[in-house]
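# Residue-level structural notes
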Amino acid sequence: MRVLILTITYWLTLGISVATAQWQLQIESSETELALLQPYFSKEGFPSQAEAHQAAKGVIADLQQAGYFQAHLEPLPLTDSLVYRAKIHPEKPFRWAYLQPGNLDPLMQAHSGYRDELFLQQPFRYADFQKLVENCLEYSENNGYPFASIRLRNVEIKHQEVSATLDYQSGPLIRFGELNIQGTDKINPEFLEAYLGIRTGTVYSEKKIAQLTSRLQKLPFLSLSGPIETQFQNEVADIFLSLAYQASSQVDGILSVLPAEGQSRGLLLTGELNVLLRNLGRSGKVFALNWQRLQIASQQLSLRYSHPNVLRSPLGVEINFNLLKEDTLFLNQRANLALSYLVGGNHRIEVFGDWRSSRLIGENTAITNNLVPSLANTAVRGGGVGYSYSQVDEQLFPRRGHLLAVKGRLGQKTTSFWMTEPIQVGQLTQQSQASLQWAGELSFTQYYMLGTSLGIYNRLQAAGLADAQLFTNELYRLGGLRNLRGFVDNAFFVSQYALNNLELRWLLEPESAVPSYLFAFYDQAWLKQQGQEHDTTDIPLGIGAGVSISTRAGLFSLVYALGKSQNQTLHFSASKVHFGYISRF
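Residues numbered from 1 in each chain as written. Predicted model: local features only at pLDDT ≥ 70, side-chain atom pairs only at ≥ 80, totals over all residues. Heavy atoms only, no water.

### Here's the deal with the side chain of Ser-435
Tracing the backbone shows Ser-435 in strand β23 (residues 428–450). Ser-435 gets classed as buried once you look at its relative accessible area, which sits at 8%. Other than its neighbours up to four places away in sequence, Ser-435 contacts Gly-411, Gln-412, Lys-413, Asp-467 and Ala-468. (Helix = DSSP H or I, 4+ residues; strand = E, 2+ residues; numbered from the N terminus. Buried < 20%, exposed > 50% of the residue type's maximum accessible area, 1.4 Å probe, protein only. Contact = heavy atoms within 4.5 Å.)

This is the structure:
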């Protein structure tokens, strides 16, 4: 038989372009065996003879995993100081004659992926059998049997064919016992049991134990201060959590100093107040209030209440209410009721009902110039679905990770409005109509760290609103510190938009949970307004810098911003200065 030589050579080149000698693995084999052995070799050299020998033994192990159980290695005499010679004998492969399910019930067979045809006169691949066993044990440990085992019985081997029967032993049924909280008394154990899904008396699940850390990271008012411990005794698993309470409720305000538009000189002061109360009643409930004075006669009020794990179930309820008074033009109201379900600790699915109305106020109930489309009394009743994903390292000040949120809604809109007649200027006519309105919203946020002190924050937002006829008072509002910096609050009325906020952050206290930092930012937007007779687009941008200072009294922020749009030049005379303060408790 003609003998071929299979040689694997690898040279490690140093940065100074000097090649260091490597051991070569030289395998002698027949032509037929060579084709079989070649896929199991890597194209790497070896720093020593011992490692070359281990690589040859690794080939034997891989062959045995593929069903060549009788494969063996025959070392050959060395003929070169840097060549390890060996001969590999694969021998004949083994096959399955059959593998019977034994005492696996149909449900276990379905979850493990067992099917007769996978093991009937098929090549014996140990990885396939190992995957079957792992699936059985995984299903068991997530359904109350963490000490289950599985083995083969009635094993017979004839002419390289294996026949066997599975033997499954479930072990004792284990249930969750007490959830023991150490380190803080500012959390209700019943809420935490429902939130973590490990209520006393329910069957044990290893998957839920593995998710404890990620689930707890989603609670901004708690952090793990020690390892999670599980103690098994008398068919009960007791969980011990070492927790530390974190101040996460906050009150903050913003003061904006802006040029008084439409006046020859002077300044306009606008403000904002935010109240965020977390863990109300020690049970994870959240209440939030946001009040803004946007212009001299414009105000906005938002309220939110979130109730997780209603009746100790996985369902959460959230109620939102928003009111906007725009000068003497219109009054908008919106109410939202959502049911949400947390899946796997990171994924949240929700369905919601949505009610919106806009009512004209004041004496001017029709718009006659071409700068602003007509206003109208509108009411929208509908609902939608949403999905969010969260994977960040910290809740209060993330450094790494990303967030995703997607929403879509559909509603029936009724409209009544006044329009000026095109021929008789000043003549008003009332019109009404019904239409379907849809909207979609997307938000994606990323956090990166370039070293220990330099970080990048990047957020992309997009939304679209469409129906047969849109009016100014129902459009999205953009502008201000919260989204498009360098402009007054709610300066833009848009029906579709895309907005990217990019920040480069220099952390002054990298080890602090909420550090002080300097930042520079660039905001870029694409805006579209669907008008009554024509559409308008704009691509405004905002640039600037700021500082956020963390103290015992709270978090102070100062932002200086410049903005450029079709109606605003990038000039220091139109700059915006924002002051902010956050007090956590």
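Further notes follow.
### Some details on the pattern of salt bridges
This structure, assessed with the given rule, holds 13 salt bridges. With a closest N to O distance of 3.0 Å, Asp-167 and Arg-151 form a salt bridge. In this pair, Asp-167 sits in strand β9 (residues 161–169) while Arg-151 sits in strand β8 (residues 149–158), placing the two residues 16 residues apart along the sequence. With a shortest N-O distance of 2.5 Å, Asp-354 and Arg-356 are connected by a salt bridge. (Salt bridge = Lys/Arg side-chain N within 4 Å of Asp/Glu carboxyl O.)

### Comments concerning unusual backbone geometry
Positioned with a positive phi, His-159 is a non-glycine residue whose angle comes to about 55°. With respect to the element layout, His-159 can be found in the loop between β8 and β9. Residue His-159 is classed as exposed on the basis of its relative accessible area, which comes to 76%. Phi at Arg-312 is positive, roughly 60°, even though this residue is not glycine. Inspection of the secondary structure assignment puts Arg-312 in the loop between β17 (298–307) and β18 (315–326).

### Focus: the environment of Arg-85
Counting through the fold element by element, Arg-85 comes out in strand β6 (residues 83–89). Linking Arg-85 and Ala-56, residues 29 residues apart in sequence, is a C-alpha distance of 9.5 Å. In this structure Arg-85 touches Gln-26, Glu-28, Pro-75, Leu-76, Pro-77, Leu-78 and Thr-79, once residues within four positions along its chain are discounted. Within polar-contact distance, the side chain of Arg-85 engages the backbone oxygen of Pro-77 at 2.5 Å. (Polar contact = N/O pair within 3.5 Å; in protein donor to acceptor, adjacent residues only side chain to side chain.)

This is a description of form; function is not addressed.
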